[in-house]
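# Notes for the structure review
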Amino acid sequence: MDKHFYVTTPIYYVNDVPHIGHAYTTLACDAMARYKRARGYKVFFLTGTDEHGQKVEKAAHAQGETPLELADRVMKRYQSLWEKLNITHDDFIRTSQERHKKGVHHLFKLIQGKGDIYLGEYEDWYCTPCETFWTEKQLMDGSCPDCGRPTDKLKEESYFFRMSKYQDQLLKHIEDHPDFIQPRSRRNEILSFVKEGLRDLSISRTSFSWGIPVPEDEKHVIYVWFDALSNYITALGYPDLEGHYGAFWPVDAHVIGKDILRFHAVYWPTFLLAAGIPLPKKIFAHGWWTVEGQKMSKSLRNVVEPHMLVDKYGVDAIRYFLLREVPFGLDGDFSHAALIHRINSDLANDLGNLLSRTTAMLNKYFDGELPAPGELAEIDRLLQEKFPAAITLIDRQMTEMAFNKTLQTIWELVSAANKYIDESAPWTLAKDASQRTRLGTVMYNLLEGVRLIALLIAPFMPGSAASILTTLGCDGNNVTLDGNDHWGGLQPGTRIAKAEPLFPRIEHE
Ligand code: MSP
């Protein structure tokens with residue numbers, strides 16, 4: 001049986017242009033998708049754009065465009081960013097697509113047919129920036145309890161979803177599946193939210209039109225979150241239960257930011273329970289980035305534009321920094337100083353030097369031809385043994401989406417290899433003709449270590465990994481770990497050129 005892995009990003013609103021917060025979720029999913037592919041899984045990695053709703057409609061009108069014109073324009077910015085960041089998604093769904101509408105209609109009618117959608121009247125408050133309904137009691141000083149912005153009083157006919165009916169079932173599911181919502185602190189938050197009681201949810205609006213019409217009642221449009229969440233199955237071809245849906249649902253991981261956890265961990269699972277569809281295996285909510293200590297916002301003019309960062313520092317440095325700097329799940333702060341520090345110390349110094357020193361020595365002492373290793377000394381064995389242990393640990397850390405820990409584990413190998421150079425002192429061995437075999441063993445071990453390190457960094461820094469692997473005479477563009485991640489893969493006799501510096505040091509401005 002093939003192993004399957006399905007991972008999703010949220011679909012991004014098109015009223016805003018992409019910034020590092022959006023890039024972060026997508027990069028994390030990309031690292032995960034690449035890792036699983038390298039481990040032999042059939043992977044489906046989904047991203048896309050959330051194009052309906054009042055917020056998008058308002059933004060379009062403010063700019064003198066139709067919502068679809070706005071969506072067409074902004075979704076291209078997302079697509080070009082993903083290309084620039086080397087993202088390997090398998091599909092890009094837009095909620096304005098026919099395939100999506102068809103699936104949403106099916107899901108809506110299915111739940112309605114089961115009696116869990118009914119017509120009523122909504123009289124409460126609505127926060128357009130969050131696209132969220134609130135009761136008077138939930139407001140904080142009259143404003144949205146999530147974002148603090150003003151809400152509008154709404155009184156309109158509305159379809160309701162019987163969310164209250166699924167409270168106990170959802171609670172039991174969360175309790176029975178400790179890994180369903182991660183990290184743990186977030187799981188507790190959702191548990192207490194559900195325990196406070198679920199109300200039926202308004203799932204249609206009549207006061208604007210940019211959305212998917214309610215089947216057979218076109219003055220209503222379907223609530224944007226019902227519409228958006230469904231993307232995770234419509235992209236798989238739902239309601240067709242064969243094909244991708246059959247192979248990949250239930251999803252292995254919905255990766256999202258902490259601000260949209262309630263929609264994913266409460267609304268979405270109850271819709272699925274009502275429809276009789278299996279629940280996601282995992283919902284992982286990561287933290288938020290601030291910039292130089294402040295919340296990112298247009299009015300503060302501190303929005304960090306990923307295109308600019310990539311042009312300035314290189315794509316792999318950005319990929320590395322965002323996933324290394326902060327534990328996935330916690331909030332973090334982006335600063336140029338921290339980024340430059342990581343590039344200079346971890347990339348230029350530790351990894352870059354390891355590669356340039358080893359390939360330079362191989363060229364100096366062996367004319368660039370990899371010698372066969374001789375008998376192993378204790379120090380060699382100690383180095384070698386670190387690899388299988390790290391690789392097992394990394395597999396666990398990746399499964400837990402502990403990207404920063406994974407990178408730490410890899411960097412322990414980088415440090416061990418650098419220390420091995422200092423301790424085995426090839427420059428001294430090179431002066432003594434009787435130590436020629438010993439010198440060959442040391443060089444072999446170093447380059448083999450570099451090969452394994454390159455394989456391990458590939459999900460995070462695919463371009464750099466490919467370049468290192470190509471230097472070593474391996475296939476850098478099709479990284480496989482299974483069967484390839486044990487010691488001894490490099491063939492003696494391989495010609496290895498002196499590597500160009502991969503990560504130039506950056507001077508502080
Ligand atoms: N359209 C909804 C999601 C629907 S999913 C069915 C949405 N879109 S969004 O464009 O506003 O946000 C998308 C993601 O970007 C969210 O996961 C959010 O947490 C993330 N981020 C937005 N700003 C962020 C930071 N400053 N830091 C980290 N992630 C942030 O919500």
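A brief report on the enclosed structure follows. Note that the coordinates shown come from a computational prediction; the quantities given were computed from them, not determined experimentally. (Residues numbered from 1 in each chain as written. Predicted model: local features only at pLDDT ≥ 70, side-chain atom pairs only at ≥ 80, totals over all residues. Heavy atoms only, no water.)

### Examining the site of the ligand
- The full set close to the ligand counts 23 residues, and Ile11, Asp50, Gly257, Asp259 and Trp289 are the nearest of them.
- In the environment of the ligand, an oxygen atom lies 3.2 Å from a nitrogen or oxygen atom belonging to the backbone of Tyr13.
- Side-chain polar atom of Trp288 to an oxygen atom of the ligand: 3.2 Å apart, as the coordinates give it.
- Looking at the shell around the ligand, the elements that each hand over two or more residues are β2 (12–13), α1 (20–38), α7 (224–229), α8 (231–234) and β13 (253–257).
- Considering each element in turn, the shell around the ligand owes the most residues, 3 residues, to α7.
- Broken down by class, the residue content of the shell around the ligand amounts to 13 nonpolar, 8 polar and 2 charged. (Near = heavy atom within 4 Å. Polar contact = N/O pair within 3.5 Å; in protein donor to acceptor, adjacent residues only side chain to side chain. Helix = DSSP H or I, 4+ residues; strand = E, 2+ residues; numbered from the N terminus. Nonpolar A, V, L, I, M, F, W, Y, C, P; charged D, E, K, R; others polar.)

### Quick notes on the packing of aromatic side chains
- Scanning the entire structure with this criterion turns up 33 aromatic pairs.
- Ring plane angle 10 degrees and centroid distance 6.5 Å describe the contact between Tyr245 and Trp249, whose orientation is recorded as stacked.
- Exposure remark for Tyr245: the relative accessible area of 9% places this residue in the buried category.
- Owing to a relative accessible area of 8%, Trp249 belongs among the buried residues under this scheme.
- If you follow Lys36 out to its NZ or CZ, it ends over the ring of Tyr41, 4.5 Å from the centre.
- It is Arg205 that lies over the ring of Tyr126; its NZ or CZ is 4.3 Å from the centre. (Phe/Tyr/Trp six-rings, centres within 6.5 Å; stacked < 30°, edge-to-face > 60°. Buried < 20%, exposed > 50% of the residue type's maximum accessible area, 1.4 Å probe, protein only. Lys NZ or Arg CZ within 6 Å of the ring centre and 35° of its normal.)

### Examining helix α15 (residues 403–424)
- Across its 22 residues, α15 extends 32 Å between first and last C-alpha, which sits within 8% of the 32 Å expected from 1.5 Å per residue.
- At the exit of α15 stands Ala425, carrying a positive phi of roughly 40 degrees. (Expected span 1.5 Å × (residues − 1).)

### Description of the pairing of strand β14 (residues 283–286)
- What you see with β14 is no split at all: Ile283 and Ala285 on one side and Phe284 and His286 on the other are buried throughout.
- As judged from the 2 bridges shared by strand β8 (residues 181–182) and β14, these two strands associate in the parallel manner. Paired with Ile181 across the two strands is Ile283, which belongs to β14.
- Pairing geometry for β13 and β14, over 4 bridges, is parallel. Note on β14: the bridge partner recorded for His254 is Ile283. (Pairing = 2+ DSSP bridges.)

### So, the packing of helix α5 (residues 167–176) against helix α6 (residues 184–195)
- Packing of α5 against α6 leaves a shortest axis separation of 10 Å and a crossing angle of 155 degrees. With respect to α6, the axis of α5 lies roughly antiparallel. Handedness of the crossing formed by α5 with α6: left-handed. Residues Gln167, Leu170, Leu171, Ile174 and Glu175 of α5 form the contact with α6, whose own contacting residues are Arg187, Ile190, Leu191, Val194 and Lys195. (Axes fitted to C-alpha atoms, helices over the stretch in contact; angles between N-to-C directions. Parallel < 35°, antiparallel > 145°, perpendicular 65-115°, else oblique. Left-handed = near helix turned anticlockwise from the far one by under 90°. Contact = heavy atoms within 4.5 Å.)

### Details of the nonpolar core
- By size, the foremost hydrophobic cluster in this structure holds 109 residues, and its most contacted members are Phe334, Phe403 and Trp411.
- In contact with Phe403, not counting residues within four places along its chain, are Ala28, Ala31, Met32, Leu323, Phe328, Met398 and Phe460.
- By size, the runner-up hydrophobic cluster in this structure holds 66 residues, among which are Leu46, Ile93, Phe263 and Ile277. (Core = buried A, V, L, I, M, F, W, Y, C linked by side-chain atoms within 4.5 Å.)

### Regarding the pairing of β13
- For β13, the tally of buried residues reaches 5 of 5 residues, placing the bulk of the element in the interior.
- By the alternation rule, side chains of β13 split into Ala253, Val255 and Gly257 and His254 and Ile256, which are all buried.
- By the bridge criterion, 2 bridges tie strand β1 (residues 4–8) to β13 in an arrangement that is parallel. For Val7, the partnering residue across the bridge sits in β13 and is Ala253.
- Once you follow β13 into helix α10 (residues 261–275) and on to β14, the crossover reads as right-handed. (Right-handed = clockwise from strand over helix to strand, strands pointing away.)

### What about the sheet that holds strand β17 (residues 332–334)?
- One open sheet holds the 3 strands; their spatial order is β16-β15-β17, and the pairing between them is mixed. Every interior strand has two partners, whereas the edge strands, β16 (294–295) and β17, have only one.
- In terms of strand pairing, strand β15 (residues 289–291) meets β17 through 3 bridges, oriented parallel. Pairing of Trp289 across the sheet is with Gly332, part of β17.

### What to know about the side chain of Asp380
- Looking at the element boundaries, Asp380 is found in helix α14 (residues 378–399).
- Judged by relative accessible area, which is 0%, Asp380 ranks as buried.
- The contact partners of Asp380, leaving out residues within four places of it in the chain, are Glu375, Tyr420, Arg438, Thr441 and Asn445.

### Overview of the pattern of salt bridges
- Following the criterion strictly, the structure yields 34 salt bridges and no others.
- With a shortest N-O distance of 2.8 Å, Arg99 and Asp91 are connected by a salt bridge.
- Residue classification places Asp91 among the buried residues on the basis of a relative accessible area of 16%.
- Residue Glu157 is joined to Lys219 by a salt bridge in which the shortest nitrogen-to-oxygen separation is 3.3 Å. On the criterion of sequence distance, the pair formed by Glu157 in strand β7 (residues 152–161) and Lys219 in strand β12 (residues 217–222) is long-range, its members being 62 residues apart.
- Here Glu157 falls in the partly exposed class, since its relative accessible area comes to 32%. (Salt bridge = Lys/Arg side-chain N within 4 Å of Asp/Glu carboxyl O.)

### Notes on helix α2 (residues 54–62)
- Among the residues making up α2, those that are buried are Gln54, Lys55, Val56, Glu57, Ala59 and Ala60.
- At its buried positions, α2 is contacted by β2, β3 (42–50), α3 (67–84), β5 (117–127) and β10 (204–205).

### Some points on the sheet that holds β12
- Across the sheet, which stays open at both edges, the 3 strands sit in the order β10-β12-β11 with antiparallel pairing between neighbours. A strand with exactly one partner marks an edge of an open sheet, and here the two such strands are β10 and β11 (213–214).
- The sheet contact formed by β11 and β12 spans 2 bridges and is antiparallel. Following the sheet pairing, Pro213 is matched in β12 by Val221.

### A closer look at the environment of Asp331
- Secondary-structure assignment places Asp331 in the loop between α12 (315–325) and β17.
- Along the chain, Asp331 and Ala372 lie 41 residues apart, while their C-alpha atoms are 48 Å from each other.
- Not counting the four nearest positions on each side in its chain, Asp331 is found in contact with Lys258, Gly287, Trp288 and Val326.
- At 2.7 Å, the side chain of Asp331 forms a polar contact with the backbone nitrogen of Trp288.

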